[in-house]
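# Coordinate analysis (summary)
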Protein chains: 2
Amino acid sequence: MSDYEQQNVPPSSDSGRDALPPVTQHARQYETVRNAHETELIEDYVELIGDLIRHQGEARAADLASRMGVSQATVSKMIRRLKELGLVNSQPYRSLFLTEAGQTMAETSRARHDIVLQFLRALGVRDSTARIDAEGMEHHVSDETLAIMQQFTEKNAR
Amino acid sequence: MSDYEQQNVPPSSDSGRDALPPVTQHARQYETVRNAHETELIEDYVELIGDLIRHQGEARAADLASRMGVSQATVSKMIRRLKELGLVNSQPYRSLFLTEAGQTMAETSRARHDIVLQFLRALGVRDSTARIDAEGMEHHVSDETLAIMQQFTEKNAR
DNA sequence: TATAAAATATAGCCAAGGCTAACTAGTTAG
DNA sequence: CTAACTAGTTAGCCTTGGCTATATTTTATA
């Protein structure tokens, strides 16, 4: 089956576009993505709780469930985690509050989200698409890129 | 504790920046992100296998493990999934091949990745940062946005 | 003020994607 | 040609984030 014996074929001048990055750097890239995934959902919940409090005065589990598009059981479980992480406070059967740490996270996350969203709009992406893309992208944009996006939006945009 | 009784506070003119999107639209945004997460890893593996084949002539599990930064056991398990999904072929203990479907996915994924990466460079992001961000962002960029990124890169860039 | 309805919580299930440890197959060197 | 090393596999464990079904608490209404 495998008749390849050449382990280290030098990229034969150009086997196609960019060369592969060095192994350790490559691994670090994927690791960064995996780390982002761990915090992503947490941030989304905290951000949403903050938004609900701001826009409707309170955050209830049922609202989280319908806005997230998941079951109430899933939300309940998530809230337990958020409490364990010290991001949320609540009495059983009552609405949710953010701790100091939670508020900080909510604001940071919201700011990030807005910068990405406005950047996409400034680029010329339709609003509904921009919203979807921003939701997914926000957790994978470095501070460096974020700063550049912000500048871009200021120069162009509106 | 909770002394909020007003459920539907109208966004009081401006409780802050953008209003919340309608519930169903909001739920769809998160759903899109969840869906992306399901295929993300699969695509990353397939893309990497394609890259390894192109650049070094063959793709071995050990290379995947070191480049992904995970254990060989994790890679083995993943390869089983990829085979079940009809994306990869291989004999036990031998190197990996992409099926038709796998090649298609690898190419699509690679193209997407390149567009995002080049866009970030064109924007002025440093190469090492651009690589990390592209790795995370590529799965969350819609076709619409992708097209716009491509145009942007062509106009500016290099 | 009971009681029905709505909201929240808990229990228990599942799949995915990590891990380590132990085993097996292939490859290479003495 | 066999022994040692390297590569790949398997088993079994853990956490996360979904789900449904069932209990419990709060709230609203007859």
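Think of each chain on its own: its residues are numbered from 1, step by step along the sequence as written. The naming scheme follows written order: chains are lettered A onward, ligands numbered 1 onward. Only residues with pLDDT of at least 70 are given local features in this predicted model, and only at 80 or more are side-chain atom pairs given and counted; all residues enter the totals for whole chains, interfaces and linings. Excluding hydrogens and water, the side-chain values take into account all heavy atoms of the structure.

In the annotation of an unreviewed UniProt entry, the entry for chain A reads Transcriptional regulator MntR, and the organism field reads Aidingimonas halophila. UniProt positions are given in the numbering used here, feature names are shortened, and annotations may be inferred rather than shown by experiment. Turning to chain A, the UniProt annotation filed under Subunit (unreviewed entry) states: "Homodimer."

Let us look at the relation of the copies chain B and chain A. When the copies are superposed, the least-squares fit takes in the C-alpha atoms of residues with a pLDDT of at least 70 in both. At an RMSD of 0.0 Å, chain B and chain A line up after a rotation of 180° and a shift of 0.0 Å along the axis. Between the two chains, the operation in question is that of a two-fold axis. It is Met 137 of chain B whose C-alpha, among those of chain B, lies nearest the rotation axis, at 2.7 Å. We call two residues contacting when some pair of their heavy atoms lies within 4.5 Å. In this assembly the copies share their binding face: 100% of the residues contributing to the interface of chain B also contribute to that of chain A.

For chain A, mean pLDDT is 90; residues scoring 70 or higher make up 88% of the total. Looking at any residue, its pLDDT shows the predictor's confidence there, from 0 to 100. When the criterion is pLDDT under 50, residues 1-16 of chain A qualifies, and its contacts beyond four places in sequence or with other chains add up to 15 contacts.

Here we come to helix H2 (residues 61-68) of chain A. Each residue's exposure class comes from its accessible area (1.4 Å probe, protein chains only) as a fraction of the maximum for that residue type: buried when under 20%, exposed when over 50%, partly exposed otherwise. Secondary structure elements follow DSSP: runs of H or I of four or more residues count as helices, runs of E of two or more count as strands, with numbering from the N terminus. Burial in H2 of chain A covers these residues: Asp 63, Leu 64, Ala 65, Arg 67 and Met 68 of chain A. In this fold, the buried residues of H2 of chain A make contact with helix H1 (23-56) and helix H3 (72-84) of chain A together with helix H1 (23-56) of chain B. Just downstream of H2 of chain A, Gly 69 of chain A is the residue with a positive phi angle, here 75°.

Chain B puts 67 residues into the contact, and the matching count from chain A is 67 residues. When two parts are brought into contact, each loses some accessible area as probed by a 1.4 Å sphere; the total of that loss over both is the buried area. Between chain B and chain A lies a buried interface of about 6,500 Å² when both sides are counted; carbon and sulfur atoms form 56% of it. For the chain B face of the interface with chain A, the top three residues by lost area are Tyr 30, His 55 and Arg 67 of chain B, together amounting to 12%. Whenever Lys or Arg places a side-chain nitrogen within 4 Å of a carboxyl oxygen from Asp or Glu, that contact is recorded as a salt bridge. One can count 2 salt bridges joining chain B with chain A. Put simply, Glu 144 of chain A and Arg 126 of chain B hold a salt bridge, and the shortest N to O gap is 3.4 Å. Pairing of N or O atoms within 3.5 Å defines a polar contact, subject to two protein rules: one partner must be a possible hydrogen donor and the other a possible acceptor, and residues neighboring in sequence count only if both atoms are side-chain atoms. At the surface where chain B touches chain A, the tally comes to 21 residue pairs in polar contact (both at pLDDT 80 or more). Elements with a contribution of two residues or more to the side of chain B that touches chain A: H1, helix H2 (61-68), helix H4 (100-123), helix H5 (127-137) and helix H6 (143-155) of chain B. The element contributing the most residues to the side of chain B that touches chain A is H1 of chain B, with 18 residues.

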